[in-house]
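Chain by chain, the residues:
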Amino acid sequence: MTSRVIAIDGPAGSGKSTTASAVAALLGLPHVESGALYRALTLAALDAGTAFVGQRLVALAHSLPVRLDLTDAGFRPEVAGTDVSEPIRSERVTARVSELSAIAEVREWVNEELRAAVERHPRGAVLDGRDIGTVVFPDAALKIFLVARPEERARRRLLQDGREATPEAIEHEVAELERRDHLDSTRAVAPLTQAADAVPLDTSDLTFEDQVEAIVSRARKAFS
Ligand code: CDP
């Protein structure tokens, strides 16, 4: 059976998370952000001084635990019961997360968490990440691959973080996004790539409402 999953993948700063959140709210489904698990484990490992070694990281994830609490309003990333929504977006986490996400054991742990979350929600779920449509849910009902021009992604990321989008700041942010895209696209395990049956959506010149609507209307058809 085709899994009632909507997979939204794409590069850093393409707007996956905000888009997935709005799509999920309109469809009345939970939103599961896979990047939040990679980020939460990165934060936990940095705070605990744990080396970036697969087995140690997975043991840390289980013992604390590192998890996503799914609520009607969205998801809450937790480390040892504490809400880490804010610290997982910090620069020190962003700088190291792609290194951690290249580790096969870490990816297996995340994928198990994601599949368990979807099993608990038989009506379906909206998941976003890099490999949801290619690896985690290859039978997803709908796969979207979000892209946008690097300058536009940088501008949105700066505004999201409440920073000013000066030409210098945009240039710096483009370099940071491209550094992460390169790491994510060239890693050996589950690299960032568009699934053959994914719908590509370039959001550079779309309004947020239009891009959400484009996905919601396809989802309604896929689920009908
Ligand atoms: O910054 P942005 O919101 O675009 O990234 P994110 O979705 O929070 O993901 C942070 C990092 O986690 C990515 O740069 C990837 O290294 C990794 N990731 C992954 O490898 N696979 C996923 N399904 C999701 C995230």
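These figures come from a predicted structure and were not determined experimentally.

All right, on to unusual backbone geometry then. Here the bond from L64 into P65 is cis, since omega is -10 degrees, no more than 30 degrees from zero. Within the fold, P65 resides in the loop between α3 (54-63) and β3 (66-71). Even without glycine at this site, A190 takes up a positive phi of about 45 degrees. Along the chain, A190 turns up in the loop between α8 (167-186) and β8 (199-202).

Further remarks concern the nonpolar core. Across soluble globular proteins, nonpolar side chains show a tendency to be buried alongside one another. In terms of nonpolar packing, the biggest core is built from 37 residues, with L41, L57, V66, W109, L114, L127 and F137 touching the most fellow members. By residue number, the principal contributor to this core is helix α2 (residues 34-48), which donates eight residues. With 18 residues, the next largest nonpolar core counts A20, I144, I215 and A219 among its residues.

With that settled, the discussion passes to the sheet that holds strand β2 (residues 31-33). Spatial strand order, β2-β6-β1-β7-β8: five strands in an open sheet with parallel pairing. Among the strands making up the open sheet, the edge pair consists of β2 and β8. Strand-to-strand twist across the sheet, computed as the mean angle between neighbouring axes with direction ignored, equals 20 degrees. Sheet topology places β2 next to strand β6 (residues 125-129); three bridges connect them, and they run parallel. Bridging across to β6, V32 finds its partner in L127. Contacts from helix α9 (residues 208-223) reach β1 (3-9), β7 (140-147) and β8, with the element oriented near 165 degrees to β7.

Residues in close proximity to the ligand total 19 residues, the closest being R39, S101, R107, R180 and D184. Note that an oxygen atom of the ligand is positioned 2.6 Å from one of the side-chain N or O atoms of R39. Residue R187 places a side-chain N or O atom 2.8 Å away from an oxygen atom belonging to the ligand. Relative to its unbound accessible surface of 530 Å², the ligand loses 97% to contact with the protein. Taken together, the elements giving at least two residues each to the shell around the ligand come down to α2, α4 (91-101) and α8.

The rules behind these values
Residues numbered from 1 in each chain as written. Predicted model: local features only at pLDDT ≥ 70, side-chain atom pairs only at ≥ 80, totals over all residues. Heavy atoms only, no water. Helix = DSSP H or I, 4+ residues; strand = E, 2+ residues; numbered from the N terminus. Core = buried A, V, L, I, M, F, W, Y, C linked by side-chain atoms within 4.5 Å. Buried < 20%, exposed > 50% of the residue type's maximum accessible area, 1.4 Å probe, protein only. Pairing = 2+ DSSP bridges. Axes fitted to C-alpha atoms, helices over the stretch in contact; angles between N-to-C directions. Contact = heavy atoms within 4.5 Å. Near = heavy atom within 4 Å. Polar contact = N/O pair within 3.5 Å; in protein donor to acceptor, adjacent residues only side chain to side chain. Areas by Shrake-Rupley, 256 points an atom, 1.4 Å probe, with all protein chains shown as cover.

All quantities given are derived from atomic positions and should not be read as evidence of function.
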